[in-house]
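# Structural features, examined
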Amino acid sequence: MRFSKIFTLLILISVPGVAQNIDSLIQVAAGKDTSAVKANNLLYNQFINSYPKKALDYTLNALNLALNLNYKKGIASSYNNIGVFYKNHGVIDKAMNYHLQSLQLNKEINDPKGIAYSLNNIGTIYSMKGRSKEALEYFLQSYWLLDSLHDEKNIVGALNNLGNTYLAMGEDYRAIGFYKKAIKIYDKIDHSEFDPYSNIGNAYYKRGELKRARQYYNLSLETSIKRKDIIGQAYAYHNLSAINTDKENKDEALKQELKALVLAQSVINKPLLKDIHLALAKLYYDRGDLENAYDNRVLYDAYKDDIINESANKKLSELEITFQMLEKEKELALVKKENELNKLKVSNTKTFVIIAIMGAIILMGGLLIFMSLKKGNKLSLLDPRWKIHKK
């Protein structure tokens, strides 16, 4: 069955900049000002899913430059990006550390949207740790803040996270309540990260309420067709097939599973293809069609092995990138320390200048008083009362 992934907000930078093409962003990123910091972080967002190593280089460039400029918004954004990078590579304690630093900086500069994103990402880490109560606390804070900002696209994500968390805690009806809230906004915006209709269907299916589950899977299918979402359509047919299988309507289940297969093949979604071939193997077996049952079981095993091998290769690649990141962290620590020393030198220089100025003022004041007194003594010799006093 289809259970949507936890939604994660990736960047803290305002959306309008994303409209720039990559070439123009690369040109801006070569600069040395705050615009270059923003451009580097936007390039991170462009490459994080396809070329994570390249994405990491961009956000590290942004961080290095932001530290030199003492540009706290840029530092917060880079910390968030590094946190997402570590989260994607399974190093969740490191991810948590960076998201907490990002939250602290966003609070210092009073950036409500940045605070909301950091709260959401901290909630995601707690969710990955299996600590649903802590995750819920952060997701709620993020939702309330986004709601006050009327940030509809990210409100939908926050509501989805709350629904997923309550579902994990076994509070199905609360989960459904948040998913239904998300639908009211989801229908108005372009959002492909998840499907609240499918999520509600999953929740009802989990409870054994198949009639309601079917209703929402059909709505998911309609919405996916309207949005031209091929994967969404494939999942909807796969889920509807499961309900028909449970209701012993296996002819209809087979038709829907075959529709799901064609769609999944068109986008080469291996995890979904694996599940579809397993379902088809069972359906053909129940029909007594052992040849098709065997063929689909073979394909299921092939996709399963392929996914395991890809996962192992990905883990090796992730370990290499993570090691490189840890090495670069040492360089960043030196840059941070150097910046702190420079700030201390500047502070000491300012203190010395202030003391020197104050000393000069005191010295000048003393000289003026001395000259005034001296002038006063000379005038007193001409004073007639001086002569009278002398007589």
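Residues numbered from 1 in each chain as written. Predicted model: local features only at pLDDT ≥ 70, side-chain atom pairs only at ≥ 80, totals over all residues. Heavy atoms only, no water.

Structurally, E257 is set in helix α13 (residues 250-267). Despite being buried, E257 has no salt bridge partner; K282 is the closest side chain of opposite charge, sitting 9.9 Å away. Within the structure, the side chain of E257 is placed 2.6 Å from the side chain of H238, a separation counted as a polar contact. Those residues in contact with E257, other than ones at most four positions away along the chain, are H238, S241, I276, A279, L280 and L283. (Helix = DSSP H or I, 4+ residues; strand = E, 2+ residues; numbered from the N terminus. Buried < 20%, exposed > 50% of the residue type's maximum accessible area, 1.4 Å probe, protein only. Lys, Arg positive; Asp, Glu negative; His and termini not counted. Salt bridge = Lys/Arg side-chain N within 4 Å of Asp/Glu carboxyl O. Polar contact = N/O pair within 3.5 Å; in protein donor to acceptor, adjacent residues only side chain to side chain. Contact = heavy atoms within 4.5 Å.)

Here we come to the nonpolar core. Within the largest apolar cluster, 95 residues are counted, with the highest numbers of intra-cluster contacts made by F85 and M325. Setting aside chain neighbours within four positions, we find M325 in contact with L56, L60, I82, F85, Y86 and Y98. (Core = buried A, V, L, I, M, F, W, Y, C linked by side-chain atoms within 4.5 Å.)

Right, let's talk about the environment of D246 for a bit. Along the chain, D246 turns up in helix α12 (residues 230-246). Separated by 36 residues in the primary sequence, D246 and L210 place their C-alpha atoms 8.7 Å from one another. Among residues more than four places away in sequence, those in contact with D246 are Y205 and L210. Among the polar contacts made by the side chain of D246, one reaches the side chain of Y205 at a distance of 2.6 Å.

A separate point is the packing of aromatic side chains. Here the structure, examined in full by the defined rule, presents nine aromatic pairs. Summarising the aromatic geometry, the rings of Y126 and Y138 are spaced 5.6 Å apart at their centres and angled 25° between planes, so their arrangement reads as stacked. Remark: Y138 occurs in helix α7 (residues 132-149) and Y126 occurs in helix α6 (residues 112-128); sequence separation between them is 12 residues. The pair formed by Y126 and Y138 is uniform in burial state, with each residue classed as buried. (Phe/Tyr/Trp six-rings, centres within 6.5 Å; stacked < 30°, edge-to-face > 60°.)

Right, let's get into the confidence of the model for the chain. In this model, the chain carries a mean pLDDT of 84, and residues with pLDDT of at least 70 account for 82%. Note on residues 1-19: pLDDT is under 50 here. Beyond four places in sequence and across chains, it has 72 contacts. A low-confidence stretch, residues 385-391 stays under pLDDT 50, and its non-local contacts, those more than four residues away or across chains, total two contacts. (pLDDT = per-residue confidence, 0-100.)

So, about the pattern of salt bridges. A full pass over the atoms with the stated rule returns 17 salt bridges. Its salt-bridge partner being R207, residue E209 comes within 3.1 Å of it at the nearest N-O pair. Residue R207 is classed as partly exposed on the basis of its relative accessible area of 38%. Between R212 and E209 there is a salt bridge, with the nearest N and O atoms lying 3.7 Å from each other. With relative accessibility at 41%, the residue R212 sits in the partly exposed group. Via salt bridges that share partners, D172, K206, R207, E209 and R212 belong to a single interconnected network.

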